[in-house]
Amino acid sequence: MIVYDYTGIEKLIERIKFNTGYDFSQYKEKPFKRRVRVILRKYKLTSVEELIKYLDRNKDDYKSLIKTITINVTEFFRNSEVFYQFNDILKSDLRKGYKYRILSAGCATGEEPYSIAFLFEKLKEEHYIKYKVDAMDIDRDALNKAIKGEYPIEELNSIPEHLRKYVKINEKSITIKDSVKANVEFKLENLYENNYNFGTTYDFIFCRNVFIYFSRNLQLKILNNFYSILNAEGYLILGKVETLAQNFKDKFKMIDLRNRIYRKL
Ligand SMILES: C[S@@+](CC[C@H](N)C(=O)[O-])C[C@H]1O[C@@H](n2cnc3c(N)ncnc32)[C@H](O)[C@@H]1O
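The rules we used
- Residues numbered from 1 in each chain as written.
- Predicted model: local features only at pLDDT ≥ 70, side-chain atom pairs only at ≥ 80, totals over all residues.
- Heavy atoms only, no water.
- Helix = DSSP H or I, 4+ residues; strand = E, 2+ residues; numbered from the N terminus.
- Buried < 20%, exposed > 50% of the residue type's maximum accessible area, 1.4 Å probe, protein only.
- Contact = heavy atoms within 4.5 Å.
- Areas by Shrake-Rupley, 256 points an atom, 1.4 Å probe, with all protein chains shown as cover.
- Lys, Arg positive; Asp, Glu negative; His and termini not counted.
- Charge placed at Lys NZ, Arg CZ, Asp CG, Glu CD.
- Expected span 1.5 Å × (residues − 1).
- Near = heavy atom within 4 Å.
- Polar contact = N/O pair within 3.5 Å; in protein donor to acceptor, adjacent residues only side chain to side chain.
- Nonpolar A, V, L, I, M, F, W, Y, C, P; charged D, E, K, R; others polar.
- Phe/Tyr/Trp six-rings, centres within 6.5 Å; stacked < 30°, edge-to-face > 60°.
- Lys NZ or Arg CZ within 6 Å of the ring centre and 35° of its normal.
- Domains from an automatic or database assignment.
- Buried area = accessible area lost by both parts, 1.4 Å probe.
- Salt bridge = Lys/Arg side-chain N within 4 Å of Asp/Glu carboxyl O.

Novice: Help me get a handle on the overall build of the chain, residues and values and all.
Specialist: Counting its secondary structure elements, the chain contains nine helices and 10 strands. Based on the C-alpha atoms only, the size of the chain along its principal axes is roughly 60 × 50 × 35 Å. Relative to its full complement of 265 residues, the chain shows a buried share of 52%. By sequence separation, contacts in the chain at least 24 residues apart represent 73% of the contacts at least 6 residues apart. When the accessible surface of the chain is totalled, it reaches about 13500 Å², and 48% of it is carbon and sulfur. A distance of 1 Å separates the average location of the 48 positive side-chain charges in the chain from that of its 37 negative side-chain charges.

Pasting the structure below:
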């Protein structure tokens, strides 16, 4: 069994910040080390000190390193139950003529915000409503893919059949229709910088499979910001793997424990 030596990990974090601007000092230690281990394995190294030396000689590799750390695995309707619940919440109190505002925080390559948009498109067929999804991520490459809105044909399987009409089906790929794209805006933003937002407040904030990497302090900072940009009685949707920090339990009402859906009090 290979034993990896993480001595110098703070130095690595400083170097990454200096060379790329990304600050991982507030990331949780364990998940961060797991990601570093993936990088060490990739370069067949066994210590962080060796990795730092390697990066000093190969500065271009910082880019792929960031990708490995921020890992943007996603899919359309990931953990679909959350989307069913979201759809039910929407339908139970549909506001005629209202423009819904949704934030998808840590949107990766766009499958999450487009899944949300498909549900609104469907509702729009029968009800007079409007919507706009703002989506943000720190990964520029992921966002470029999201903006393009083109995905391998295999991804079609994750989209429920009655919603497939919102994508163009090509031979080897699917493309999000322009009418849907028009309601989804992508932005390069960092969740732990306070000044990110799209200059608006939200009825729903999705932030799923992102928090797991962040230290408690960082989570609190982000939750504070979410709280301030959520409309009265707006929903925070954290999804299955995240939990709401204790300090916020009196600020939100639990709506769905399994899918971690909360409503602002
Ligand atoms: C695992 S993906 C989750 C995608 C989607 N929310 C889902 O659940 O399918 C996590 C995303 O969070 C993004 N991310 C990580 N740290 C971030 C930060 N500080 N600010 C914004 N996005 C971040 C990563 O770039 C990645 O695309």
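There's more to say after this.
Novice: Explain unusual backbone geometry to me, and be specific about the residues and the numbers.
Specialist: Non-glycine residue phenylalanine 77 carries a positive phi angle of around 50°. In this structure, phenylalanine 77 sits in the loop between helix H4 (62–70) and helix H5 (80–92). Taking the relative accessible area as the measure of exposure, phenylalanine 77 reaches 9% and is therefore buried. A positive phi angle, near 60°, is found at asparagine 209, a position not held by glycine. In this fold, asparagine 209 is placed in the loop between strand E7 (202–206) and helix H9 (216–229).

Novice: How would you summarise helix H2 (residues 29–42) if you had to cite specific residues and measurements?
Specialist: The α-helix winds at 3.6 residues per turn, so residues separated by three or four positions along the chain end up facing the same way. Here H2 is 14 residues long and its end C-alpha atoms lie 20 Å apart, about the 20 Å a rise of 1.5 Å per residue gives. Looking only at H2, the buried set comprises Pro31, Phe32, Arg35, Val36, Ile39 and Leu40. As for H2, its buried residues are in contact with helix H1 (9–20), helix H3 (48–57) and H4. Following H2 by one or two positions, lysine 44 adopts a phi angle in the positive range, close to 55°.

Novice: Before we move on, could you go through the site of the ligand and cite the residues and values that matter?
Specialist: Around the ligand, the structure places 21 residues, and the nearest of them are Tyr27, Thr74, Asp137, Leu191 and Asn209. One of the side-chain nitrogen or oxygen atoms of threonine 74 is found 2.5 Å away from an oxygen atom of the ligand. Here a nitrogen atom of the ligand and a side-chain polar atom of glutamate 112 are 3.2 Å apart. Notes on the ligand: free accessible area 600 Å², of which the protein chains cover 99%. Here the residues of the shell around the ligand sort into nine nonpolar, six polar and six charged.

Novice: Can you break down the packing of aromatic side chains residue by residue, with the values?
Specialist: Going through the model one piece at a time under the given rule, you end up with 26 aromatic pairs. Look at phenylalanine 120 and tyrosine 131: their rings are 4.9 Å apart centre to centre, the planes differ by 15°, and that puts the pair in the stacked class. Here phenylalanine 120 is found in helix H6 (residues 111–126), whereas its partner tyrosine 131 is found in strand E2 (residues 130–137), with 11 residues between them in sequence. Here the two residues phenylalanine 120 and tyrosine 131 agree in accessibility, since each one is buried. Seen from the ring of tyrosine 98, arginine 95 lies directly overhead, with NZ or CZ sitting 4.3 Å from the centre. Taking NZ or CZ as reference, lysine 264 lies 4.4 Å from the ring centre of tyrosine 227, over its face.

Novice: How would you sum up the domain arrangement of the chain? Please name residues and give values.
Specialist: Many analyses report the size of an interface as the accessible area lost when the parts associate. One can read the domain layout of the chain as domain 1 (9–70) and domain 2 (80–264). Between domain 1 and domain 2, the C-alpha centre-to-centre distance is 29 Å. The interface of domain 1 with domain 2 comprises 10 residues on the first partner and 12 residues on the second. Counting the surface lost from both domain 1 and domain 2, the interface buries some 1100 Å², and carbon and sulfur atoms represent 51% of this. Counting the contacts that link domain 1 with domain 2 gives one salt bridge. When the shortest N-O distance is used, the salt bridge between lysine 67 and aspartate 139 registers 2.8 Å. Counting every contact that joins domain 1 to domain 2 gives four residue pairs in polar contact (both at pLDDT 80 or more). When residues of the side of domain 1 that touches domain 2 are assigned to their parent elements, the largest contribution, three residues, is made by H4. For the side of domain 1 that touches domain 2, the residue count by class is four nonpolar, two polar and four charged.

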